Amino acid sequence: MTSLPTTGAAIVMPAEGGPLRLVQRPVDTPAAGEALVRIEACGVCGSDAFLQDGGFGPGSLPRVPGHEAAGVVIAVGDAQDAEWIGRQVALYYIEGPAESAWAEAGHENIGPGIQRMGVDVDGAFAQYVVRRITTLIPVEPRMDPASVAVATDALATPYHALTAIAGLASGETLAIIGLGGIGSNAVQIGRHLGAKVVAVGRGEAKLAQARELGAAITLHSSDGPEAIVAAAGGQIDVVLQCVGENTAMDRLAIDIAGYRARVVFIAVSQDDFPVRSTELVWRELSLKGSRGFTREDIREVLALVASGDLTTDHLTRNRRPLREAAEAIADLRAGTVLRTVLTMDDLREGDGQ
Ligand SMILES: [Zn+2]
């Protein structure tokens, strides 16, 4: 057996708004039931910027961010798990308490006591992480690590929202508000599920990309609710609200929802917005929230990427080495990229010393 690393590079977010630091840290030894994973790729998404802004509350920093990751198991804590060594894996970012009724019921993404990698515990902006083996999803045959990484969040999050939460059916009309990392993928997933997809966003590049990913109709959010409903053919069955911190878009989601529509909020805002009970009753609207995804969602989207039904090309073309995590977050804030994937394979000797 080759000797295991004793230290590894990691990116630390030291304090709210503070600059990121590349450090060398000791590598943990996996306990029974755990695996040491050498990270190959980790996506950078809006939640990482949210974490840096203090959005997850006081006490969430310092932290190593990174919750959408792929890697290879290089050691396990228990000999009976030795079959895992050498396997490519997708990392599920949530670890729940050992006995959670919500997890047992198939809702492992919610419930008391869940710990999110990269938020509540240190994440995968790092060369190595130790994770409970039950949170690892084997990838066979091997795929591009960058594709696996983004599938675990950018694809799995809208997949969960459209399947488990919205119950989107073939032939329904789906409107998606916001065409960033989540919304653009909701477009291709909605199309794959057989819906007519109406994509509502800002900026010609994002609208053009939504058409490429399968949107039948694209509109600007400034076109207003009447124009959006008319363009959709008069009835929108599912609305997915993917724009964070924007109550005008929260409200737009309700304004465009048709009879018996499910309005699903996937982005979050700290502010209130008005809703009248009459509009819920008269249209039989359901307002729903969708939080993250389950391991099964990851398995399903990985299969759809492997079969060519979903693409990750638009998410994986921007790649940076781990040490450029700050630049990757800056690109995201500037809106110049949907995603950057950090790769760990080109760390220089002495990085983070
Ligand atoms: Zn994310």
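Brief notes about the environment of Val301
Then, number 1: Residue placement: Val301 occurs in helix α9 (residues 295-306).
Then, number 2: By C-beta crowding, Val301 is classed as buried, having 29 other C-beta atoms within 10 Å.
Then, number 3: Separated by 40 residues in the primary sequence, Val301 and Val341 place their C-alpha atoms 18 Å from one another.

Thoughts on the nonpolar core
Generally speaking, a soluble globular protein has its nonpolar side chains buried in company with each other.
Then, number 1: Within the largest apolar cluster, 106 residues are counted, with the highest numbers of intra-cluster contacts made by Leu91, Ala175, Ile176, Ile177, Val198, Val239 and Leu240.
Then, number 2: Counting residues per element, this core draws most heavily on helix α3 (residues 145-165), at 11 residues.
Then, number 3: Mapped onto the domain boundaries, this core takes at least three residues apiece from domain 1 (7-154 + 293-343) and domain 2 (167-289).
Then, number 4: Contacts of Val239, omitting those with residues within four sequence positions, involve Ala175, Ile177, Ala253, Ile256, Ala257, Ala261, Val263 and Val264.

Describing the pairing of strand β12 (residues 217-220)
Then, number 1: Direction of pairing for strand β11 (residues 196-201) relative to β12: parallel, over a ladder of 4 bridges. Note that in β12 the partner of Gly201 across the bridge is His220.
Then, number 2: Following the backbone out of β11, through helix α5 (residues 204-212) and into the adjacent parallel β12, one traces a crossover that is right-handed.

Topic: the packing of helix α6 (residues 225-232) against helix α7 (residues 247-256)
Then, number 1: With their axes 9 Å apart at the nearest point, α6 and α7 run at an angle of 45 degrees to one another. Between α6 and α7, the angle falls in the class oblique. The two elements α6 and α7 cross, and the hand of that crossing is right-handed. Contact residues: Pro225, Ile228 and Val229 in α6; Leu252, Asp255 and Ile256 in α7.

Considerations on the environment of Gly59
Then, number 1: In this structure, Gly59 sits in the loop between α1 (46-52) and β4 (68-76).
Then, number 2: In this structure the C-alpha to C-alpha distance between Gly59 and Ile94, which are 35 residues apart in sequence, comes to 19 Å.

Re the domain arrangement of the protein chain
Then, number 1: Entries for the protein chain in the domain assignment read domain 1 (7-154 + 293-343) and domain 2 (167-289).
Then, number 2: Computed from C-alpha coordinates alone, the two centres of domain 1 and domain 2 are separated by 28 Å.
Then, number 3: Across the boundary between the two partners, domain 1 contributes 10 residues, which contact 10 residues of domain 2.
Then, number 4: Residues of the side of domain 1 that touches domain 2, tallied by class, amount to 5 nonpolar, 3 polar and 2 charged.

Examining unusual backbone geometry
Then, number 1: In the segment running from Leu61 into Pro62, the intervening peptide bond is cis, with an omega of 5 degrees.
Then, number 2: Within the element layout of this structure, Pro62 appears in the loop between α1 and β4.
Then, number 3: The peptide bond linking Glu140 to Pro141 adopts the cis configuration, its omega dihedral lying at -5 degrees.
Then, number 4: Position of Pro141 among the secondary structure elements: in the loop between β9 (136-138) and α3.
Then, number 5: The phi dihedral of Glu245 falls on the positive side, at around 50 degrees, and the residue is not glycine.
Then, number 6: Looking at the element boundaries, Glu245 is found in the loop between β13 (238-241) and α7.
Then, number 7: We note that Arg260 has phi near 55 degrees; this positive angle belongs to a residue other than glycine.
Then, number 8: Here Arg260 lies in the loop between α7 and β14 (262-265).

Reading the values: rules and limits
- Residues numbered from 1 in each chain as written.
- Predicted model: local features only at pLDDT ≥ 70, side-chain atom pairs only at ≥ 80, totals over all residues.
- Helix = DSSP H or I, 4+ residues; strand = E, 2+ residues; numbered from the N terminus.
- Buried ≥ 20, exposed ≤ 12 C-beta atoms within 10 Å, placed from the backbone.
- Core = buried A, V, L, I, M, F, W, Y, C linked by C-beta atoms within 7 Å.
- Domains from an automatic or database assignment.
- Contact = placed C-beta atoms within 7 Å.
- Pairing = 2+ DSSP bridges.
- Right-handed = clockwise from strand over helix to strand, strands pointing away.
- Axes fitted to C-alpha atoms, helices over the stretch in contact; angles between N-to-C directions.
- Parallel < 35°, antiparallel > 145°, perpendicular 65-115°, else oblique.
- Left-handed = near helix turned anticlockwise from the far one by under 90°.
- Nonpolar A, V, L, I, M, F, W, Y, C, P; charged D, E, K, R; others polar.

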